[in-house]
Amino acid sequence: MDPGLPTAGALATTRAQSLCYHCGLPQRGGGHFSIEIDGVERALCCAGCQAVAQIIVDHGLTSYYHHRSALPAREDAVPPAVRGLGAYDVPAVERALTRDAGNHVRTAALMLSGITCAACVWLIEQRIARLPGVLGIDINYATHRAQVRWDTRRTRLAAILEAIAALGYRADPYDRARSEHARASERDGALARLFVAGFGMMQVMMYLVPMYLTNGEMTADIEQLMRIASLMLTAPVVLYSATPFFAGAWRDLRARHLGMDVPVALGIGAAFAASVAATLGGGGPVYYDSVAMFVFLLLAARYLEMTARSRAAMTQEQLAQQAPAVAERFAAWPGSDLAEVVATATLRSGDHLRVRPGALIPADGVLVEGASEVDERLLTGESRPQPKRAGDALTGGSLNVGNPLVMRVARVGADTVLAGILRLLDRAAGERPRIARAADEVAQRFVLALLVIAAAVAAVWYQVDAARALWVTVAVLVVSCPCALSLATPAALAAASGTLHAHGVLITRGNALESLARATHFVFDKTGTLTTGIMRLVGVIPLGSGTREECLALAAALESGSGHPIARALAEATPVSARYRCRELSSSAGSGVEAVIDARRVRLGAPQFVAALHGQPLPRELAYVADDVTAVALGDERGWIALFTLDDPVRPQARRVIRELVRMGKQVHLVSGDRPQIALHVAQSLGIAAARGGATPRDKLDYVQDLQHDGAVVAMVGDGINDAAGLAAAQVSIAMGTGTDIACSASDVILLSGRLDALPTAVRTAHRTLRVIRQNLAWAFAYNVVAVPLAACGYVTPLIAGAGMAASSLLVVANALRLLRHAPVRAGATPAVPAIDSR
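As the structure is a prediction and not an experimental result, all values here were calculated from the model. (Residues numbered from 1 in each chain as written. Predicted model: local features only at pLDDT ≥ 70, side-chain atom pairs only at ≥ 80, totals over all residues. Heavy atoms only, no water.)

Asks: Explanation requested: the overall build of the protein chain in the structure shown.
Replies: When helices and strands are tallied, the protein chain shows 28 helices and 29 strands. By residue count, 55% of the 839 residues in the protein chain fall in the buried class. Nonlocal contacts in the protein chain, meaning residues at least 24 apart in sequence, comprise 68% of its contacts between residues at least 6 apart. Accessible surface, the protein chain as shown: approximately 35000 Å² in total, 57% of it carbon and sulfur. (Helix = DSSP H or I, 4+ residues; strand = E, 2+ residues; numbered from the N terminus. Buried < 20%, exposed > 50% of the residue type's maximum accessible area, 1.4 Å probe, protein only. Contact = heavy atoms within 4.5 Å. Areas by Shrake-Rupley, 256 points an atom, 1.4 Å probe, with all protein chains shown as cover.)

Asks: It is not clear to me how the sheet that holds strand β9 (residues 339–343) should be interpreted in this structure. Could you clarify?
Replies: Sheet strands associate in pairs through backbone hydrogen bonding, adopting either a parallel or an antiparallel arrangement. An order of β9-β8-β10-β16-β11-β14 is seen for the six strands of this open sheet, with the pairing classed as antiparallel. Whereas interior strands pair on both sides, the edge strands pair on one side only; in this sheet they are β9 and β14 (393–394). In this sheet, strand β16 (residues 405–411) lies alongside strand β10 (residues 352–355) in antiparallel orientation, the contact comprising four bridges. By the bridge assignment, His352 is partnered in β16 with Arg408. (Pairing = 2+ DSSP bridges.)

Asks: Explanation requested: the packing of helix α8 (residues 243–254) against helix α9 (residues 261–281) in the structure shown.
Replies: How two helices sit against one another is set out by the angle between their axes and by the gap between those axes. Where α8 meets α9, the closest approach of the two axes is 8 Å, and the angle between their N-to-C directions is 125°. Considered as vectors, α8 and α9 are oriented oblique to each other. Remark: the crossing between α8 and α9 carries left-handed chirality. Where α8 approaches α9, its residues Pro244, Phe245, Phe246, Gly248, Ala249, Asp252 and Leu253 are matched on the opposing element by Asp261, Val262, Val264, Ala265, Ile268 and Gly269. By residue class, the composition of the contact of α8 with α9 is nine nonpolar, two polar and two charged. (Axes fitted to C-alpha atoms, helices over the stretch in contact; angles between N-to-C directions. Parallel < 35°, antiparallel > 145°, perpendicular 65-115°, else oblique. Left-handed = near helix turned anticlockwise from the far one by under 90°. Nonpolar A, V, L, I, M, F, W, Y, C, P; charged D, E, K, R; others polar.)

Asks: Any chance you could explain the environment of Leu819 here in plain terms?
Replies: Tracing the sequence through the fold places Leu819 in the segment after α28 (798–817). Leu819 sits in the buried class, given a relative accessible area of 3%. Separated by 321 residues in sequence, Leu819 and Gly498 place their C-alpha atoms 9.0 Å apart. When residues no more than four places from it in sequence are discounted, the contact partners of Leu819 are Ala492, Ala495, Ala496, Thr499, Arg768, Thr769 and Val772.

Asks: For this particular structure, what's the right way to read the side chain of Asn400?
Replies: Its place among the elements puts Asn400 in strand β15 (residues 399–400). Among the polar contacts listed, one links the side chain of Asn400 to the backbone oxygen of Val355, at a separation of 3.3 Å. A distance of 3.3 Å separates a polar atom in the side chain of Asn400 from the backbone oxygen of Arg356. (Polar contact = N/O pair within 3.5 Å; in protein donor to acceptor, adjacent residues only side chain to side chain.)

Asks: In this structure, what is going on with unusual backbone geometry? I would like to understand it.
Replies: Most peptide bonds take the trans configuration, and most residues that are not glycine carry a negative phi. Geometrically, the link from Trp333 to Pro334 is a cis peptide bond, its omega value of 0° lying close to zero. By the element assignment, Pro334 lies in the loop between β8 (326–330) and β9. For Glu584, which is not glycine, the phi dihedral falls at a positive 55°. Mapping Glu584 onto the fold places it in strand β20 (residues 583–588).

Asks: Teacher, can you tell me more about the packing of helix α27 (residues 758–792) against α28 here?
Replies: Between α27 and α28, the shortest axis-to-axis distance is 9 Å and the interhelical angle comes to 170°. Taken together, the axes of α27 and α28 lie roughly antiparallel to each other. Together, Val772, Gln775, Asn776, Trp779 and Tyr783 of α27 and Ala801, Gly804, Met805, Ser808, Leu811, Val812, Asn815 and Ala816 of α28 make up the contact between the two elements. In terms of residue class, the contact of α27 with α28 is built from eight nonpolar, five polar and no charged.

Structural data, given as structure tokens:
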């Protein structure tokens, strides 16, 4: 280890030390930044080093400072924003802050600082996506969070963070506490700038109104005094309150990108510079009142937009806050009931925890002791607390509302259901539908066109009336509202996603709402989708010499480890003492399972699948099985062993759901792997005209593709492994919350509550969302088409232009927030939360 490094044994331990403890560079500003490491306060040089060091401390990785052999940064020329980022490449730090997605791919959740509008999101995504090794980046404009994926063989996390910093923004691995602190700091800073702008605007008006009222009769020395006073009051507004506009414009120009802040900064700067020149030169008009009021109105609009954005993303923020910071962990359960309070981040699979009444469940796990009710409304949208008994699954983030519980931890941190839901929400918000991408592209071109128009207007007015040329040009620059074009879609999508999550519907893809609104055909699976998926064993028909109990034991052994409803029904009907052990267990999706038991190969599943093993004709007993009952066959190489008949009742709300979809003009189809007679029986009972049974996973895929070939926009609803191919092929895929992991992972929409009647709600909300987006875009285009020509002709003053621009942005956001008015209609049901893996 280099003895010159600032480690615990080589540096002073007070804030007065001259070098940064993290990066080794000289302190700036008298060592204002510091952090406590191993009980000693260490001085740092900047906020960047402080943020990185805080993450290292929070994740228990302070040993990094004792064992490092090189500094993260060495040159004084390194900008403060990127100092110390090399620490993220330390393997222990990287593992703590990122997730392994397999195949040398890692993912990380980042929180971004410096984003002022949707154009910032576009710029970051475009530049970072082009970096070698970056596989994708999705930014949630509502929460300023990003999900980034990269190939560890080609790039590293620090390089991605440095590239973002080079654009003028700051990115750090997401941490809830620091994110809340950053959001509070952003809000406080916005309020401070708004206060200065408002105070300056009112005072400038007090000085300039007398000048307007006297109509030139004021003496020259008094008028000059008023101008100087107005200059002194407007200067803080421009130099402090308007800083975000100038910083954003400079950041865009450095990146060779024309963003929304460029025309705003030009308008403010030109008007203020001309007013200063007129004041110091002793003649000419001044625009201090217009400058101050424009800055105030625009800041007010951005503050209200920020508030509305936070409100639209409130559901996601509430979810993020559901993970408790601490937990009560037993030291030696069940030998001792002594528990200690530990950080949730230190929990491991297998730990036993105490969950008191009124406490949030810290992680996913299994209830070991006790019985209670658990409130899962933020996870599933289900308002009624759900009863839990020993052996039931518990979901991290849900609320224990009854008795004390003892639970065993199964999944922690990024592997929990709550973390998976948050990742899917981030992914959905980061992906923009086609209509949004088109609006962003138009907004980029619009800024360039606006600058060209402003230059032409200035040239023309300089020839026509030089005295009015400046303020007409400023009016053109500030009256336009490209922000409304980019805000039209993100605001609506954020509001709609929040509303749907309150109904127990999780949107996992950005284009899902657009595709759902345009869907013409809905293809349903049967088992677990239109039916409850809770199958009940009706009868056992032995076909060989084995007894009923022996047949059940063989079937239960074959289905061991499967989450299929048939497997659960057979397992529940079989005594534990009668179970067999099987080898070489394999599954054929949509057909059945096969294994070797007691030196014989046995199959369980569709009768045709079992018959292929021994070659005998189908048993005569199949002809006597009722149409509404599922038949499962068991056999080995020698012949048939048994038939099992099972019943799966139709969901109570299924008829109403189908009826509502048909009323909306949708065509409904049923495609099932079950027997054709059962599929037809269920379809007729629900009023579905098109039905097909005996479908393999390939058949379901072909069915969806045939509809698409005929011009249909297909939405598929399923819950099993044999639905995954069809779900992936459909324009919009919908999985039941009770479905298997692979079905949920392949889906654009997840019905978290497991209630089918949330589907019509999702479709109606999708229609409303698309309608609101179109209204917002229509307004944005109409406003700019009317406002820019009026300003160019001299009919709009800079003051009115500023008010118009602010009002246009607010109108777009307010229209989007109408989607939040539709309160969820809840009904009592037992929800089931899937183990979501969004990787």
